[in-house]
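If you want the building blocks of each chain, they are given just below.
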Amino acid sequence: MIGDDIEIILLETKGDTAKLGIVAPRDVKVYRQEIYQAIKSENIKASQAPTPAVDVASSLLKDVLKARKRSEP
Amino acid sequence: MNQLLETPLMNLETTRFGSLDVDHGAIIHFPLGLLGFERFARWIIIDSDAVAPMRWLQCVDAGDVALLVVEPQLFFADYVPTIGAEDRDFLQLASEDELVVACVVVVPDDPALMTINLLGPLAFNAAKRVGKQLVLAESQYSARQRLIPDPMPADAPVPVG
């Protein structure tokens, strides 16, 4: 148990892997660590944008928006 | 009267923009920080034509940390992040008009490969200046969605199926 209302249960073992289940109230969010890790990694990469590439990125996005405007009726 | 008690501007030394005078009223408070930047709660948005339509999200607690963000609906008109009741409370949203959503943009060395993080959008209350990085775990959104489509070479084979 974690706290009063979160339960970890062993669902299955196969060789050296185990399948765990989490029983929690509906309002408790259970996320996989990979999702947090992915977002964290994007934040960190975003903070390291090379300046020359940022200038080009801005022009590329401006072009995309301009092209879209032109194609609108 | 407050002006006697506190200076309205604070000076911030930044890596990207040099010395900035930051208006306290412009600060957006992310009490939980951003993922990977959990200790940094205070951020400001810096508009600059040089990066438009992107904007800089400059950390006030660390002058060397700035991230590019963009309004996701400019490029993904159907994008609607689901914000649960708990997050709405956190953001003190009284009306939908107060909500601003911005997504983090990663610009690699080859800018054509830049990506937007639709899985972990930043949501903030423009009126109350409080924000949070959401985690749309139940959505199909990608943390690395390409922003610029690959050019289609004229002689490219037509994909089948």
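Before reading on, note that the structure itself is shown above.
Residues numbered from 1 in each chain as written. Chains lettered and ligands numbered in written order. Predicted model: local features only at pLDDT ≥ 70, side-chain atom pairs only at ≥ 80, totals over all residues. Heavy atoms only, no water.

A. Inspection of the interface of chain B and chain A at higher detail. Counting residues at the interface gives 41 residues for chain B and 30 residues for chain A. Taken over both partners, the interface formed by chain B and chain A buries close to 2900 Å², and the fraction arising from carbon and sulfur atoms is 67%. For the interface between chain B and chain A, the tally reads one salt bridge. In this structure, the salt-bridge partner of E42 of chain A is R144 of chain B, at a minimum N-O distance of 3.4 Å. Our enumeration of links across chain B and chain A arrives at nine residue pairs in polar contact (both at pLDDT 80 or more). Residue assignment for the side of chain B that touches chain A shows that the elements contributing at least two residues are β6 (66-70), α2 (85-90) and β7 (99-106) of chain B. Taken together, the residues that form the side of chain B that touches chain A break down as 29 nonpolar, five polar and seven charged. (Contact = heavy atoms within 4.5 Å. Buried area = accessible area lost by both parts, 1.4 Å probe. Salt bridge = Lys/Arg side-chain N within 4 Å of Asp/Glu carboxyl O. Polar contact = N/O pair within 3.5 Å; in protein donor to acceptor, adjacent residues only side chain to side chain. Helix = DSSP H or I, 4+ residues; strand = E, 2+ residues; numbered from the N terminus. Nonpolar A, V, L, I, M, F, W, Y, C, P; charged D, E, K, R; others polar.)

B. A look at the nonpolar core. Judged by nonpolar contacts, the single largest core of 38 residues is most densely connected at M54, L68, V105, V107 and M114 of chain B. Of all the elements in the fold, those that place two or more residues in this core are α2 (51-71) of chain A together with β1 (9-14), β2 (18-23), β4 (42-46), β6 and β7 of chain B. Counting residues per element, this core draws most heavily on α2 of chain A, at five residues. Ignoring any residue separated from it by four or fewer positions in sequence, one finds V105 of chain B in contact with A46 of chain A together with M54, L68, V69, V70, M114, T115, I116 and L147 of chain B. Residues A46 of chain A together with W43, L67 and V106 of chain B belong to the second largest nonpolar core, which totals 18 residues. (Core = buried A, V, L, I, M, F, W, Y, C linked by side-chain atoms within 4.5 Å. Buried < 20%, exposed > 50% of the residue type's maximum accessible area, 1.4 Å probe, protein only.)

C. Representation of unusual backbone geometry within the structure. Residue and element names in this part refer to chain B. P53 follows A52 through a cis peptide bond whose omega is 5 degrees. Counting through the fold element by element, P53 comes out in the loop between β4 and β5 (55-59). A positive phi angle, close to 55 degrees, is found at Q92, a residue other than glycine. Judged by relative accessible area, Q92 falls into the partly exposed class, the value being 42%. Phi is positive for R129, which is not a glycine, with a value near 55 degrees. Counting through the fold element by element, R129 comes out in the loop between β9 (122-125) and β10 (130-133).

D. Highlighting the state of the cysteines. Residues and elements named next belong to chain B. Following the criterion strictly, the structure yields zero disulfides over all chains and no others. The closest cysteine sulfur to the non-disulfide-bonded C103 is located on C59, 19 Å from its own sulfur. For C103, a relative accessible area of 0% gives the class buried. (Disulfide = S-S within 2.5 Å.)

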